[in-house]
Amino acid sequence: MPGWLSSLRDLIAEASPLRRATLALLVLLPLAALGAAYLWSNPPIYRVLYPHLSDRAGGEVIAALDQLNIPYRLAAADGAIEVPADKLHVARYRLAARGLPRSDADVQDEADRAPHFGASSLEERQRYQHALEADLARSIQSLEAVELARVHLALPKVSPFLRDAPPATAAVLVRLRPGARLSTEQVTTIQTLVAASVPRMKRPDVQVMDPRGIVLGGAAPEVVQTRRMALEQDLARRALAVLTPWLGKDRVSVQVTATLEDSDVEQTVERVRNVVVGGQAHPLEKTVRTTHTPEGRIERLNAVVILGFDANADQLARADEVVREALALQPARGDTLNVYALPAAPQRPADTSAADRPARVAPPAAPVRPQPDVRPPSPMPVLAWVAAALLLALGIGGWRRFRRGRGDGMRIDDFDAELDAIRNQVLANPRVAADVIKLWMRA
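Along the backbone of the protein chain there are 13 helices and 11 strands. Taken over 443 residues, the protein chain has a buried fraction of 20%. Within the structure as shown, the protein chain displays about 32,000 Å² of accessible surface, and the carbon and sulfur contribution to it stands at 58%.

Quick look at the pattern of salt bridges now. Pairing between side chains of opposite charge can happen when the charged atoms of each approach one another. In this structure the tally under the stated criterion is 12 salt bridges. In this structure, the salt-bridge partner of Glu60 is Arg56, at a minimum N-O distance of 3.0 Å. With Glu60 and Arg56 both in helix H3 (residues 55–68), this residue pair falls four residues apart, about one helical turn. Accessibility expressed as a relative area gives 22% for Glu60, which makes it partly exposed. By relative accessible area, Arg56 is classed as partly exposed at 28%. Linking Arg73 and Glu82 is a salt bridge whose minimum nitrogen-to-oxygen distance equals 2.8 Å. On the accessibility criterion, Arg73 (41% relative accessible area) is partly exposed. Three or more residues are tied together by salt bridges with common partners; here these are Arg56, Glu60 and Arg102.

A separate point is the packing of helix H6 (residues 121–141) against helix H7 (residues 184–197). The geometry of a pair of packed helices is captured by two quantities: the angle between their axes and the separation between those axes. Interhelical geometry of H6 versus H7 gives an angle of 155° and a closest axis separation of 11 Å. Classified by the angle their axes make, H6 and H7 are roughly antiparallel. Crossing angle aside, the handedness with which H6 passes H7 is right-handed. Residues Leu132, Leu136, Ser139 and Ile140 of H6 form the contact with H7, whose participating residues are Ile190, Leu193, Val194 and Ser197. By residue class, the composition of the contact of H6 with H7 is six nonpolar, two polar and no charged.

Bringing H7 into the picture now. The terminal C-alpha atoms of H7 lie 20 Å apart, and with 14 residues this matches the ideal 20 Å at 1.5 Å per residue to within 8%. Within H7 the residues assigned to the buried category are Val187, Ile190, Gln191, Val194 and Ala195. Looking straight down H7, one finds that the buried residues subtend no more than 125° of arc, so they occupy a single side. Among the exposed residues of H7, those pointing more than 90 degrees away from its buried face are Glu185 and Ala196. Those residues of H7 that are buried lie in contact with H6, strand E4 (146–154), strand E5 (169–176) and strand E6 (206–209).

Another point: the sheet that holds strand E11 (residues 336–341). The strands making up a sheet associate through backbone hydrogen bonding, with each pair oriented either parallel or antiparallel. In space, the three strands of this open sheet follow the order E7-E10-E11, with mixed pairing throughout. Strands at the two margins of the open sheet, each flanked by one partner only, are strand E7 (252–260) and E11. With strand direction ignored, the average angle separating the axes of adjacent strands in the sheet is 10°.

One finds Ile140, Leu153, Val172, Val174, Leu182, Val194 and Met201 to be the most contacted residues of the largest nonpolar core, which totals 23 residues. Put simply, the parts of the chain that give this core at least two residues each are H6, E4, E5, H7 and E6. Listed in part, the 22 residues of the second largest apolar core include Leu243, Val254, Leu260 and Leu337.

This paragraph deals with the confidence of the model for the protein chain. Put simply, the protein chain has an average pLDDT of 75, and 66% of its residues get 70 or more. Counting contacts from residues 352–356, a segment whose pLDDT is below 50, to residues more than four positions away or on other chains yields zero contacts. Ignoring residues within four places in sequence, the model shows residues 406–410, a span with pLDDT below 50, making four contacts including any to other chains.

What follows is about the environment of Val323. Relative to the elements of secondary structure, Val323 occurs in helix H9 (residues 313–327). Sequence separation between Val323 and Arg238 is 85 residues; the distance between their C-alpha atoms is 8.4 Å. Residues in contact with Val323, not counting those within four places in the same chain, are Ala239, Leu243, Val305 and Leu337.

Calculation rules
Residues numbered from 1 in each chain as written. Predicted model: local features only at pLDDT ≥ 70, side-chain atom pairs only at ≥ 80, totals over all residues. Heavy atoms only, no water. Helix = DSSP H or I, 4+ residues; strand = E, 2+ residues; numbered from the N terminus. Buried < 20%, exposed > 50% of the residue type's maximum accessible area, 1.4 Å probe, protein only. Areas by Shrake-Rupley, 256 points an atom, 1.4 Å probe, with all protein chains shown as cover. Salt bridge = Lys/Arg side-chain N within 4 Å of Asp/Glu carboxyl O. Axes fitted to C-alpha atoms, helices over the stretch in contact; angles between N-to-C directions. Parallel < 35°, antiparallel > 145°, perpendicular 65-115°, else oblique. Left-handed = near helix turned anticlockwise from the far one by under 90°. Contact = heavy atoms within 4.5 Å. Nonpolar A, V, L, I, M, F, W, Y, C, P; charged D, E, K, R; others polar. Expected span 1.5 Å × (residues − 1). Arc of directions from axis to C-beta. Pairing = 2+ DSSP bridges. Core = buried A, V, L, I, M, F, W, Y, C linked by side-chain atoms within 4.5 Å. pLDDT = per-residue confidence, 0-100.

Structural data, given as structure tokens:
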């Protein structure tokens, strides 16, 4: 044993308990400080476990992590659940084994699919609609670009008193993955999927929008129409503002037709410029340019200006130049402008025989006939018609056979016409018909 170790051992053996504790602290404190400095300079890396969790789903995940003894923390920025990077995949696998995380749609779907005894017809329709919305949302989320989807259906109740049932409509809210975009064909596919799954629904009745409230695949037809009409009116006012002080208000007419872009287009062009050095080409500069064409952008303008007098060539050319400047027409875009002048109207000769014509005598006024006393119809005839309609609707088959068997000469066409008249009475007064049905059922 070296001499310094023997001396240290003898010093510790001969020291008092207080000195021994002091020596131990002198040794342990530097080691603890080194360990703390290492941990502070190299903290563990945490990763987000699941992004965009609802409060209910996040609570279920935290409770499961506590049971599985997996450390976690909540991000200060958005409250996302984070776990150490080396335990990220293990945590996801163990949570998936427990069926977590569950979305709100999954929880609602599970509740809808659970057996309900004694449920009313309204509750059954609501459960069916929620289940259909959840199934459609899962189908839409299977698209590669869609991260989350919600489907809202508007299914009006069908009434037997309405000849044409009201159409069903739908709104689809999609959240896309980072950097992903839906093409017009994909939006059409989503609309076709929803319309084909719901009765009485057509593809134009399905609107697809993103979380910003922007309609994808083209705005609604009424929105596009309103936007185009407002633009045309504004351009026409611009042209009239420059022509009216010169020509007069009642001597000029302007008509503008605008064609707008019907889709949102984004084009990216990448260019690399090569430089020849020593007989070899080397890439010198790389340029990436992205051109974004928003929906509703002017694609082409067509304007027509009509001068209400016999204008000469100089006036026509001046009007053409002024209107082109006011509307900012671009020939490269395909814009057109046509200026026309109305020919002078031929003057009619003065009518000198007007004084010789005899004055017209107004015809005598028709005698005023007393108006009959119009009173509201009594409900009794309507009730009688409704009752007759109900009886005829129940026994129409037997009645036709009975009439044919008697052979009294009454034609079936006359009978059908009478039945149509009765049915029209029922459709005109559905509330009265409903009251009659209630009274008939009570009887």
